[in-house]
Amino acid sequence: MVKKTLLWTALATTFAALTNSVLADDVITLDQSNFENEVMKEDLMLVEFYAPWCGHCKALAPEYETAATTLKEDQVKLGKVDCTVNQDLCQEYEVRGYPTLKVFRKGDTSEYKGTRKADGIISYMQKQAAPAITDLNADNFEKFKESDRVVVVAYTSSSDEKSKTAVKEVADKLRDDYFFGLVTDESLAKEHNVDTFPSLVIYKQFDQELDGGRSEWTESLEDGVKIQEFIKTNSVPLLDEISASNFAAYADAGLPLAYIFADSKEMAEPLIEAIKPIAQKYKGKINFVHIDATKYGPHAGNVGLKEEWPAFAIQHIDTGAKYPYDQSAEITTKNIETFVDDYVHGKIEPTLKSEDIPEDNKGPVKVVVAKQFSELVLDKKKDAFLEVYAPWCGHCKRLAPIWEELGDAVQKQGFSDKVVIAKMDGTENDVPAEAGFTVSGFPTLKFFKAETNELLDYNGGRTLEDMVEFINENASNNVKISLTKDTEEETKEEEDAGHDEL
């Protein structure tokens, strides 16, 4: 799975879906008194921890109800816990945000990793309920093949234990996302146009005109990593609309995403047809999608575009690197093919959002902008302690005077030539790829060691004393910052003054 960075989270939130009407109440209401009896002995159960005032919880409610009703047929139960009433119970299960969904198996818990739409919840829990891999025969093959939008079937001889074991290992790792089947009957394999043993076929309920709705792997099944990559790459359509229900699948595939922005069906259709040949040409290297600009127009800013349609851009989900197509140029097959070819061959540099370099940067805390990041932060002659902040962030506001005190201590004690205390506005500047990290929240604090640029995460306390201790322990240039009693008392006053800020 791809790491859930701020970028990933922001995109997933951007694709939040609208809700439908509430169906019958088949969700079990749980509390401290009945949780043990209702949950801990169940073979499989999904539990939502929520707060009544939470907007995301309200949006999830009708989807959750729909899923609960459908999953009754599979004898899979769904429950919910009101955390405003059952605070101890929610604390016991480390609920830190709403809604939090957890899968329970006889008391053992794991995080729910599916979407918050009814069909996604149903599919995810059905996969949880099914065996990791199902033995298929003539009686159950067709039903299994149609059981989900994407299913994976391995074909091996009955005596090929190595291949069967390898497929079982892949199925165990990907059971949250796909149904896996196994065929050892050679006549059944031939009936379904499979002549190679061992092999693997992905059956899809899309792309029928492209590849007949199937993608086949005919090499060894023993390389689990390659098999997983093949499955993830071929389990998304050639050129589909992206939304909350399928964003995770694209993120998990790990490929760059090429977006077509259009604000109407009439605008989108000719663009999709024009770009389909390019999507086919680069299948397995880039995933192409189209996006409804009337709903998700602000996402254009995430990929370096203005909110003007139509538009096209490529983005790396993992690093956030973005390659916007010139919005003054026409979107045609020829133009986009040239653009994508240049991108693939490294002829296009990613667009980097950056503020202007400040004219005066002599203060104790250096102001970093994206275009000057390497010069200030990755200078191997100095250690660098960097804060990435957001102007609206309350935690950042509380840290600001302490961060200034830290910079002031470094400057006054003559260590400015050995360590840099720096800050960067993460809402106005991209973190460049050479930085080696992505932002997962504000403030983000990173320490770069001199000589090697070794990157250390700072997860300590937010007091001046804590951060000075961290620098003294990790600095490469024998920096030893001392704190006077007056400095500590000033810092304590600043911390106390900030406690009431929301």
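Per chain, residues are indexed from 1 in the order of the written sequence. Two thresholds apply to this predicted model, a pLDDT of at least 70 for residue-level local features and 80 or more for giving and counting side-chain atom pairs, whereas whole-chain, interface and lining totals are computed over all residues. Remark: hydrogens and water are excluded; side-chain values derive from all non-hydrogen atoms of the structure.

Heads up, the condition is: UniProt positions are given in the numbering used here, feature names are shortened, and annotations may be inferred rather than shown by experiment.
Per an unreviewed UniProt entry, the chain goes by the name Protein disulfide-isomerase and belongs to Circinella minor. Quoted verbatim from the Function (unreviewed entry) field of the UniProt record, the comment on the chain reads "Participates in the folding of proteins containing disulfide bonds, may be involved in glycosylation, prolyl hydroxylation and triglyceride transfer." Per its UniProt entry, the chain bears the Subcellular location (unreviewed entry) comment "Endoplasmic reticulum lumen".

Here we look at the overall build of the chain
Definition in use: Only DSSP runs of H or I covering at least 4 residues are called helices, and only runs of E covering at least 2 are called strands; the numbering of each starts at the N terminus. Residue exposure (1.4 Å probe, protein chains only): buried if accessible area is under 20% of the type maximum, exposed if over 50%, otherwise partly exposed. The contact rule is simple, with two residues in contact once any of their heavy atoms fall within 4.5 Å. Reported accessibility uses the Shrake-Rupley method at a 1.4 Å probe radius. Residues are deemed covered only where the shown protein chains occlude them. None of His or the chain ends enter the tally, which takes Lys and Arg as positive and Asp and Glu as negative. In plain terms, the charge of a residue is placed at NZ if it is Lys, CZ if Arg, CG if Asp and CD if Glu.
Looking only at helices and strands, the chain features 18 helices and 20 strands. If you line up the chain on its principal axes, its C-alpha atoms span 80 × 65 × 50 Å. Burial analysis of the chain (502 residues in total) assigns 48% to the buried set. At a minimum sequence separation of 6, the contacts of the chain that also span at least 24 residues come to 69%. By element, 46% of the accessible surface of the chain is carried by carbon and sulfur atoms, the whole surface being about 25000 Å². Within the chain, the 92 negative side-chain charges are centred at a point lying 2 Å from the centre of the 56 positive side-chain charges.

Notes on helix 7 (residues 161-174)
Quick reminder of the rule: By definition here, a helix of n residues has an expected span of 1.5 Å times n minus one. Note: the arc covers the axis-to-C-beta directions of the helix.
Helix length check: helix 7 (14 residues) gives 20 Å between terminal C-alpha atoms against 20 Å at 1.5 Å per residue, within 8%. Every buried residue of helix 7 is accounted for by S163, K164, A166, V167, V170, A171 and L174. In a view along the axis of helix 7, the buried residues occupy a sector of 160°, so they form one face of it. Facing away from the buried surface of helix 7 by more than 90 degrees, the exposed residues are K162 and K173. Where helix 7 is buried, its residues meet strand 7 (150-155), strand 8 (179-183) and helix 10 (224-234).

Thoughts on the packing of helix 16 (residues 394-412) against helix 17 (residues 464-474)
Heads up, the rule is: Note on geometry: axes are C-alpha line fits, over the in-contact stretch for helices, and angles between N-to-C directions span 0 to 180 degrees. Angle categories are assigned with fixed cut-offs, so that under 35 degrees is roughly parallel, over 145 is roughly antiparallel, 65 to 115 is roughly perpendicular, and the rest are oblique. Each helix crossing is assigned a hand: it is left-handed if the near helix lies turned anticlockwise from the far helix by less than a right angle, otherwise right-handed if that turn is clockwise. Residues were grouped as follows: Ala, Val, Leu, Ile, Met, Phe, Trp, Tyr, Cys and Pro as nonpolar; Asp, Glu, Lys and Arg as charged; and all remaining residues, including Gly, as polar.
Between helix 16 and helix 17, the least distance of the axes is 10 Å, while the angle of their chain directions is 45°. For the element pair helix 16 / helix 17, the angle class is oblique. Crossing geometry of helix 16 relative to helix 17 is assigned as right-handed. Residues L399, I402, W403, E405 and L406 of helix 16 touch helix 17, and the partners they reach there are L464, M467, V468 and I471. Partitioned by chemical class, the residues of the contact of helix 16 with helix 17 number eight nonpolar, no polar and one charged.

Structural notes on unusual backbone geometry
Cis peptide bonds are those with omega within 30 degrees of zero, and the linkage from Y98 to P99 qualifies with -10°. F197 connects to P198 through a cis peptide bond whose omega is -5°. Among the secondary structure elements, P198 is positioned in the loop between helix 8 (186-191) and strand 9 (199-204). Although it is not a glycine, Q75 sits at a positive phi angle of roughly 60°. Residue position: Q75 is located in the loop between helix 3 (55-71) and strand 3 (77-82). Assessed through its relative accessible area of 71%, Q75 is described here as exposed. In this structure, E94 is a non-glycine residue whose phi angle is positive, near 55°. In this structure, E94 sits in the loop between helix 4 (87-92) and strand 4 (100-105). Among the residues examined, E94 registers a relative accessible area of 55% and is labelled exposed.

Digging into the packing of aromatic side chains
Rules: Pairing of aromatic side chains requires ring centres within 6.5 Å, counting the rings of Phe and Tyr and the six-membered ring of Trp. Pairs whose planes differ by under 30 degrees are stacked, by over 60 edge-to-face, and all others tilted. Comment: the charge-over-ring label is applied if NZ (Lys) or CZ (Arg) is within 6 Å of the ring centre and within 35 degrees of the ring normal.
In total, this model carries 24 aromatic pairs according to the counting rule given. Here Y93 and F104 contribute two aromatic rings whose centre-to-centre distance is 5.3 Å and whose plane-to-plane angle is 75°, an arrangement assigned as edge-to-face. Remark: F104 occurs in strand 4 and Y93 occurs in the loop between helix 4 and strand 4; sequence separation between them is 11 residues. Exposure class is identical for Y93 and F104. Each is buried. Judged by centre distance (6.5 Å) and plane angle (85°), the ring pair of F312 and Y325 falls under edge-to-face. Of the two residues, F312 is situated in strand 14 (residues 311-315) and Y325 in the loop between strand 15 (322-324) and helix 14 (333-344); the sequence distance between them amounts to 13 residues. No difference in accessibility class separates F312 from Y325, as the two residues are buried. Through a chain of ring-to-ring contacts, three or more aromatic side chains come together here, namely F385, W403, F447, Y458 and F470. Taking the ring centre of F179 as reference, the NZ or CZ of K127 above it sits at 5.0 Å.

Looking at the sheet that holds strand 16 (residues 366-367)
Basically, it comes down to this: Two strands are said to pair when DSSP picks up at least two bridges between them.
Taken in spatial order, the five strands line up as 16-18-17-19-20 in an open sheet, and their pairing is mixed. Single-partner strands in this sheet number two, and they are strand 16 and strand 20 (455-457). Bridge analysis of strand 17 (residues 383-389) against strand 18 (residues 419-425) gives seven bridges, and the strand direction is parallel. Bridging from a neighbouring strand, L386 pairs with A422 of strand 18.

Quick word on the sheet that holds strand 15
Spatial ordering of the open sheet is given by 11-13-12-14-15, a layout of five strands whose pairing is mixed. Where the open sheet ends on each side, the last strands, each with one partner, are strand 11 (239-241) and strand 15. For this sheet, the mean angle separating the axes of adjacent strands, direction not counted, is 25°. With six bridges connecting them, strand 12 (residues 257-262) and strand 13 (residues 287-292) associate as parallel partners. Bridging from a neighbouring strand, A258 pairs with F288 of strand 13. Together, strand 11, strand 12, strand 13 and strand 14 form the strand contacts of helix 12 (residues 265-281), whose direction differs from that of strand 12 by roughly 160°.

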